[in-house]
Structure formats: C-alpha cells, structure tokens
Amino acid sequence: MHVGFLGLGAIGTPMAAHLARRGPLTVWNRTAARAAEFATRHGATVAATPREAAAAAETVITCLGNSADVAGLLDGPDGLLAGLQPGALFLDCTSGDPATSRRIAERLAVRGVAFADAPVSGGTNGAEAGALTVMVGADAATFARARPVLEAFGRRIEHVGPVGAGDALKAVNNAFLALNILAAGEGLAALVKAGVAPRTALEVLNASSGRSFVSEVLVPERVLTGTWPRTFRLALLDKDVGIATDLLTQTGVPGPVFELVHALLAAARAELGEAADYLDPIRLTERQAGVEIRG
C-alpha cells in the first residue's frame, strides 16, 4: 500500500519511519529540508506539495499541530483535495478537535474518501518503538481499513466511537496529563522544602494511590536527573486542554478542574514562551518555590 505522510515533527518522523519499512511512502513537510533528509535516510519519496503527496497514495496520513493546520492543507490547486482519489483513506493522527474533524470528514465523504481521526499517545519513545496507543474515531468499515495501516506504529489501536471521538478522548487524556504535571511540581516542591528527599517521595508515591505516568516515568527520568529533554511543546498541551475544556462545555458537564488546569497552563505558557517543553511548568514551580527537585 502506498502511503502519503504529511507532518514530520517529533512524533510524525518515527511514525513515518515505521511506515517506510512496510512499503512505498511519500512524505511532505512544511520545512522541505526535513522531508528531503527523511527521504534520504528512509528511502521515501519527497512530495513538493500536499496534492502530490496524496496523488499516488491509497492512504494519506496527517500528523500536524492542530486541526486548523489539517484543514488548511485541503484547498487550492496544490491542496490535498486536488490530489486525493475516490476510494482513498485519510487518517488524521493530529491531536485535533472533534468539530473540525467532523467537518473534514463531511467534505471528504462527498469525494468518496473515508476519514478517521486517529490521534496517538505514547510520546517520542512510543513512536520510536512502534508502541503508540491510537484512539480512532470512525465508522466500523473505515476502522477495519485503518487498523492494518496504524499497526505500523501502534501497539494498542482502539475504535472509540464515531468521527471526532478519537480527538475527544485524546484531549481528555492530555488534560489528565497536564493536571498530573502541575500537581507533581507543586507537591514535590513542598515535600523537598519539608525535608523529604525527592527520590524517596517518588518511591513512596509510586507504591501508593497517588501514582501516575508523570510520577512513575517523567519525573524520575527527566526531573530528578535534571536532563529536561524537549519532546513536546507546552503550547500543544495547552491546546489539547483547551479542546477538552470546550468538550465539557459542549456536553453540558461542569468543568471547574479542567478550567483551572487550562488557566494555569496558559499562564505558564505566557511566562515560559512558545518554545517551552510540557514539563517546564515544574521548572517554573521550582523557581517560584526556590527549590530544586533532584536526587
């Protein structure tokens, strides 16, 4: 199966690399040099435009910053709609918003193109290992077509509901992630100032009911060691929490916790800048508290 892949970011690049090992792959990226470098390394073909990426592909995959970015590639003489063929499959692995995904699906359906929102979770490590969790919003027939393609980089591939459901679940997942990051920074900073060694605190927490992926993996690997790798921008996490907060509003569910998390992330983003990593709010808490969580 020939795949067209658009969006060679931190997650998209290893996803596309797995696909390149399985069959013909055409790649497009806004930064053309990145696509050229990827193609040289992985034996893929470079497309000059989104239209060209779609023209020869049976399946098109997008992995971009947000749904507006995906929608922005559809139109015009060089857009995806000009290249997509009837019967093609369009998989959007962007962490997007449900409403925009539904609008994209409607536009594609008129042209005989099947669509699924299929955001992924697992970070760069999961993408490199081909072990991502993929949350798929689609009808049953489209999911059946999508699964063999998604298996190239996904370990757990779940059909979670109709179009838009994947985006909704990913947004709520990332709201939980954000909440745990903020809470970990505040709680651990307080414990250090109270005389508890941070590694001891984490060992006890991770054997107790307060544990999370943040406490079990992210803080030990990145905070205690002081390595702070840049893997996922805070701005994107803030975007996802905004989608989750909007979802609660749209469904009539009170959302004071999500609203507070969104406000705190927005404040951290304003102070730390658009290039900040999603764990940098912990560094901000350290600075404000006058303490380092190390050990």
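The shown structure was predicted, so the numbers you read here are calculated from the model rather than taken from an experiment.

### Brief notes about the overall build of the protein chain
(1) Moving on: Scanning the protein chain from terminus to terminus reveals 14 helices and 9 strands.
(2) Moving on: A globule of 295 residues ought to have a C-alpha radius of gyration of about 19 Å, and the protein chain, at 20 Å, matches this closely.
(3) Moving on: Taking the principal axes of the C-alpha coordinates as reference, the protein chain spans close to 65 × 45 × 35 Å.
(4) Moving on: The proportion of buried residues among the 295 residues of the protein chain is 51%.
(5) Moving on: Contacts in the protein chain between residues at least 24 apart in sequence constitute 66% of all its contacts with a sequence separation of at least 6.
(6) Moving on: Accessible area for the protein chain stands at about 12900 Å²; split by element, carbon and sulfur atoms hold 55% of it.

### So, the state of the cysteines
(1) Moving on: Scanning all chains against the criterion turns up 0 disulfides.
(2) Moving on: Counting only cysteine sulfurs, Cys93 is the nearest neighbor of Cys63, a cysteine outside any disulfide, at a range of 5.9 Å.
(3) Moving on: A residue is classified by how much of its surface remains accessible, and Cys93, at 3% relative accessible area, is buried.

### Describing helix 9 (residues 165-193)
(1) Moving on: The end-to-end C-alpha separation of helix 9 is 43 Å, in line with the 42 Å expected for 29 residues at 1.5 Å each.
(2) Moving on: One or two steps after helix 9, the chain reaches Gly195, where phi turns positive at roughly 100°.

### Comments concerning the pairing of strand 9 (residues 154-161)
(1) Moving on: Across 6 bridges, strand 8 (residues 132-137) lies against strand 9 in parallel orientation. From the neighbouring strand, Val134 faces strand 9, where its bridge partner is Ile157.
(2) Moving on: Read from strand 8 through helix 8 (residues 140-150) to strand 9, the crossover connection turns out right-handed.

Rules used in this analysis
Residues numbered from 1 in each chain as written. Predicted model: local features only at pLDDT ≥ 70, side-chain atom pairs only at ≥ 80, totals over all residues. Heavy atoms only, no water. Helix = DSSP H or I, 4+ residues; strand = E, 2+ residues; numbered from the N terminus. Rg over C-alpha atoms; globule rule 2.2 N^0.38 Å. Buried < 20%, exposed > 50% of the residue type's maximum accessible area, 1.4 Å probe, protein only. Contact = heavy atoms within 4.5 Å. Areas by Shrake-Rupley, 256 points an atom, 1.4 Å probe, with all protein chains shown as cover. Disulfide = S-S within 2.5 Å. Expected span 1.5 Å × (residues − 1). Pairing = 2+ DSSP bridges. Right-handed = clockwise from strand over helix to strand, strands pointing away.

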